[in-house]
Amino acid sequence: MAISHFSAKLRGHILQEMASNVLDLLVIGGGITGAGIVWDASLRGLRCGLVEMGDFASGTSSRSTKLVHGGLRYLKQGEVKLVMEVGRERALLHRNAPHVVIPEPMLLPIYKGGTFGYWMSSVGLYVYDLLAGVKRKERRRMYRRNATIKLEPLFKQDLLIGSGYYYEYRTDDARLTAEVMKTAVAHGAHAVNYTKASEFLYKDGRVVGIRATDVLSGETYDIYAKKIVNAAGPWVDRVRQMDNSLKGKRLLLTKGVHLVVDYNRLPIRQAAYFDVPDGRMIFVIPRDGKTYIGTTDTVYKEQIEDTQATAEDRDYLLHATNAAFPEVKLTTADVESCWAGLRPLIYEEGKGPSEISRKDEIFVSDSGLITIAGGKLTGFRKMAEKVVDLTVKLLSEQNGSRYLPCATATDVLSGGNCDGFDHFDQFKKVLSMGGVKIGIEERTATLLASRYGSNVNDLFQLYEGALAQAGSPEEAALMAEVTYGIEREMAVCAVDFLIRRTGMLLFDRPRAEKIKDDVIRLMGDALGWDAAERERQSAEVDRQLALVKEFPHEKAAAKT
């Protein structure tokens, strides 16, 4: 397999390329929004680049509820247009990335005295289906009490009236970001992680570039672009401050925490979405032999880089879950891992965290810096379209050039090719059998096909090449996946692979602990790490393993 232009080994080369030509567009921020912008721009023929100070999706875009959902909660807030938009976006994403955007049946229990009564829930879900353009086979069904208990015996039965059965779509947010970024690179975009925009470069008061610092090597690069977009998520205001343009509207950061428990401790038959006494609603979602629970929504004013789940966050979610599923009796010992992420919302005076709109907004500073703020995972493609529309409009006014319209609605994402099959699940079976034929265990082949979609054939090719060096088929499969992560997904550090490329540290902690040393050895050999760097990588993996099990109290967390 040839080295791609998205290889960790080519980071320095890519930065040199970006610095040697004036780009049409440079994006700061490698989360889902930034990835979407370079995807859109590259399809329109713009010379574009992106820098991310950490790993791709290492901020909010790997710490969401991992749902591409239609926004049922937004209907409750009266945001009809937003429900319509995200419903359409959800359908497009499922069509173009079926391996990472997966239908997930969801059960909404209805209780006497709850947020909605039975008939209000029925009407609400009907309107939701209508506005979101839900497929006929996925439209809501209403169940009375007895049928609901048969569907989900674990629900609290006291005051239970019935339930609404509808569909959301589950995703792996970090992998979705990776697939969008890989697609953009395939269309000609340049993207580099672990590269910080250290300062802006100006000419006659207009921003014309950035001084970028490779945080791994310490080297700096002056990268020039006709237009620069700030898509830094929770760090948006910090970037605006660097441009001396932090005025007017600002961000309000809210923290969302999720817990992971073994599926056997919360063996729900399908995902559920339920009321809690303080007016919020919480999801419980089965995934890969685990069940995850979330989320909280609290104002966050501490250090962005040190976002942690606290004991209070954990206890809140456990209490809410035990109230909804009283026979389960989850304890703190059941929590295997967790994640805490920040929502970059646009501040609205007088509104609580859960009441603030998830709408996005674009700001243009006096220097010409374009900032995109707010928004949500489901709407990233549309957000990117708005940003690139504005960018090409401004470029056209400057140079008279004409640019292509947005084409991302019909562009199949990396790994999303179904090879003529109507459904990805059908194609996944064919892909998995391809792995079994060359000696990969069926469970592993199926997992890889689910994770990488049609790109899994590249991993199978790597597997065949690794067999001669490996001591076992299992080791060869790991070698293939690590190599793919480095060569095709710019995995630079061991935690990039264990957290964001595979999700292993969150959803299969025992395996992450088992293969940690092998991953460091394989990556170290491929990337030329010395003994000190291997020690540092090992310490960082250990730190992350401890972090997903540590829950400091609020005051202690604020000091870290």
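Rules of the game
Residues numbered from 1 in each chain as written. Predicted model: local features only at pLDDT ≥ 70, side-chain atom pairs only at ≥ 80, totals over all residues. Heavy atoms only, no water. Helix = DSSP H or I, 4+ residues; strand = E, 2+ residues; numbered from the N terminus. Rg over C-alpha atoms; globule rule 2.2 N^0.38 Å. Buried < 20%, exposed > 50% of the residue type's maximum accessible area, 1.4 Å probe, protein only. Contact = heavy atoms within 4.5 Å. Areas by Shrake-Rupley, 256 points an atom, 1.4 Å probe, with all protein chains shown as cover. Expected span 1.5 Å × (residues − 1). Salt bridge = Lys/Arg side-chain N within 4 Å of Asp/Glu carboxyl O. Disulfide = S-S within 2.5 Å. Phe/Tyr/Trp six-rings, centres within 6.5 Å; stacked < 30°, edge-to-face > 60°. Lys NZ or Arg CZ within 6 Å of the ring centre and 35° of its normal. Axes fitted to C-alpha atoms, helices over the stretch in contact; angles between N-to-C directions. Parallel < 35°, antiparallel > 145°, perpendicular 65-115°, else oblique. Nonpolar A, V, L, I, M, F, W, Y, C, P; charged D, E, K, R; others polar. Pairing = 2+ DSSP bridges. Core = buried A, V, L, I, M, F, W, Y, C linked by side-chain atoms within 4.5 Å. Left-handed = near helix turned anticlockwise from the far one by under 90°.

1. Examining the overall build of the protein
Line of reasoning, step 1. When you go through the protein residue by residue, the secondary structure sums to 19 helices and 17 strands.
Line of reasoning, step 2. Here the C-alpha atoms of the protein give a radius of gyration of 23 Å, agreeing with the 24 Å that 2.2 N^0.38 yields for 560 residues.
Line of reasoning, step 3. Principal-axis analysis of the C-alpha atoms places the extent of the protein at approximately 70 × 60 × 55 Å.
Line of reasoning, step 4. For the protein, the residues scored as buried account for 58% of the 560 residues in total.
Line of reasoning, step 5. Of the contacts made within the protein by residues no fewer than 6 positions apart, 72% connect residues no fewer than 24 positions apart.
Line of reasoning, step 6. When the accessible surface of the protein is totalled, it reaches about 23100 Å², and 52% of it is carbon and sulfur.

2. Comments concerning helix α5 (residues 118-132)
Line of reasoning, step 1. Helix length check: α5, at 15 residues, gives a terminal C-alpha distance of 21 Å against a target of 21 Å (1.5 Å per residue), a fit within 8%.
Line of reasoning, step 2. The set of residues buried in α5 consists of Tyr 118, Ser 121, Ser 122, Gly 124, Leu 125, Tyr 128, Asp 129, Leu 131 and Ala 132.
Line of reasoning, step 3. Once α5 finishes, Gly 133 follows within two positions and takes phi at roughly 65°, a positive value.

3. Section: the pattern of salt bridges
Line of reasoning, step 1. For the coordinates displayed, the defined rule picks out 50 salt bridges.
Line of reasoning, step 2. Across the pair Asp 222 and Arg 211 runs a salt bridge, and its minimum N-O distance is 2.7 Å. One end of the pair, Asp 222, is in strand β9 (residues 220-230); the other, Arg 211, is in strand β8 (residues 206-214), with 11 residues separating them in the sequence.
Line of reasoning, step 3. The partner of Arg 534 in a salt bridge is Asp 525, and the shortest N-O contact between them spans 3.0 Å.
Line of reasoning, step 4. With a relative accessible area of 25%, Arg 534 lands in the partly exposed category.
Line of reasoning, step 5. Classification of Asp 525 by relative accessible area gives exposed; the value is 53%.
Line of reasoning, step 6. In the salt-bridge network here, residues are joined through shared partners; they are Arg 88, Glu 89, Arg 381, Lys 382 and Glu 385.

4. Observations regarding the state of the cysteines
Among covalent bonds in proteins, the disulfide is the one between the sulfur atoms of two cysteines.
Line of reasoning, step 1. Tallied over the entire structure, the rule returns 0 disulfides.
Line of reasoning, step 2. Free cysteine Cys 48: the closest other cysteine sulfur is in Cys 406, separated by 13 Å.
Line of reasoning, step 3. Classification of Cys 48 as buried rests on a relative accessible area of 1%.

5. Points about the packing of aromatic side chains
Line of reasoning, step 1. Taken as a whole and judged by the stated rule, the model has 14 aromatic pairs.
Line of reasoning, step 2. Seen in terms of ring centroids, Tyr 452 and Tyr 484 are 5.3 Å apart; in terms of plane orientation they differ by 75°. Their pairing is edge-to-face. Of this pair, Tyr 452 sits in helix α12 (residues 442-452) while Tyr 484 sits in helix α14 (residues 473-489), and the two are 32 residues apart along the sequence.
Line of reasoning, step 3. Cluster of aromatic residues (ring-pair linked, three or more members): Tyr 143, Tyr 165 and Tyr 167.
Line of reasoning, step 4. Over the ring of Trp 339 we find Lys 66; its NZ or CZ atom is 4.6 Å from the centre of that ring.

6. Digging into the packing of helix α4 (residues 80-96) against helix α10 (residues 380-399)
Line of reasoning, step 1. Across the interface, α4 lies against α10 with an axial gap of 9 Å and an inter-helix angle of 105°. Judged on the interaxial angle alone, α10 and α4 are roughly perpendicular. Here α4 contributes Glu 85, Arg 88, Glu 89, Leu 92 and Leu 93 to the contact with α10, which in turn contributes Phe 380, Arg 381, Lys 382 and Lys 386.
Line of reasoning, step 2. A per-class count over the contact of α4 with α10 returns 3 nonpolar, no polar and 6 charged.

7. Let's talk about the pairing of strand β7 (residues 195-203)
Line of reasoning, step 1. Of the strand pairs in this sheet, β7 and β8 are connected by 8 bridges, and their pairing is antiparallel. Across the sheet, Phe 200 pairs through a bridge with Ile 210, a residue of β8.
Line of reasoning, step 2. Turn length for the β7-β8 hairpin, with the two strands adjacent in sequence and antiparallel, is 2 residues, and the turn residue Asp 204 shows positive phi of about 55°.

8. Quick word on helix α15 (residues 494-501)
Line of reasoning, step 1. With 8 of 8 residues buried, α15 is to be regarded as a mostly interior element.
Line of reasoning, step 2. The inward-facing, buried residues of α15 abut α7 (173-186), α12, α14, α16 (504-507), α17 (509-527) and α18 (531-547).
Line of reasoning, step 3. One or two residues past the end of α15 sits Gly 503, with phi positive at roughly 70°.

9. A few points about the nonpolar core
Line of reasoning, step 1. With 138 residues, the main nonpolar core has Ile 37, Ile 210, Ile 223, Ile 228, Val 229, Val 519 and Met 523 as its most contacted residues.
Line of reasoning, step 2. Other than its neighbours up to four places away in sequence, Val 229 contacts Leu 25, Leu 26, Val 27, Ile 28, Ile 37, Ile 370, Ile 372, Val 387 and Thr 391.
Line of reasoning, step 3. Membership of the second largest hydrophobic core comes to 32 residues, among which are Leu 154, Tyr 165, Leu 330 and Ala 340.

10. Some points on unusual backbone geometry
A negative phi holds for most residues other than glycine; trans holds for most peptide bonds.
Line of reasoning, step 1. In this model, Gly 294 is joined to Thr 295 through a cis peptide bond whose omega is 15°.
Line of reasoning, step 2. Phi angles above zero are rare outside glycine, and Tyr 194 is one such case at about 50°.
Line of reasoning, step 3. Tracing the backbone through its elements, the reader meets Tyr 194 in the loop between β6 (190-192) and β7.
Line of reasoning, step 4. With a phi angle near 55°, Asn 244 is a residue other than glycine that sits in the positive phi range.
Line of reasoning, step 5. The residue Asn 244 is located in the loop between α8 (236-242) and β10 (251-262) in this model.

11. What about the packing of α15 against α17?
Line of reasoning, step 1. Here α15 crosses α17 at 135°, and the two axes come no closer than 9 Å. What the angle tells us is that α15 and α17 run oblique. As α15 packs across α17, the resulting crossing turns out to be right-handed. From α15, Ala 494, Phe 497 and Leu 498 reach across to α17, where they touch Ala 512, Ile 515, Val 519, Ile 520 and Met 523.
Line of reasoning, step 2. Per-class residue counts for the contact of α15 with α17 are 8 nonpolar, no polar and no charged.

12. A look at the pairing of strand β11 (residues 271-275)
Line of reasoning, step 1. Across the 5 residues of β11, 4 count as buried, placing the element largely inside the fold.
Line of reasoning, step 2. The pairing of strand β3 (residues 101-111) with β11 spans 2 bridges and is parallel. Within β11, the residue paired with Leu 107 across the bridge is Ala 272.
Line of reasoning, step 3. Two elements, β11 and strand β12 (residues 281-287), share 4 bridges in a ladder whose sense is antiparallel.

13. Observations concerning the environment of Gly 528
Line of reasoning, step 1. Within the fold, Gly 528 resides in the loop between α17 and α18.
Line of reasoning, step 2. Note: C-alpha distance between Gly 528 and Lys 9 (519 residues apart in sequence) is 9.8 Å.

Spatial relationships are all this shows, so hold off on functional conclusions.
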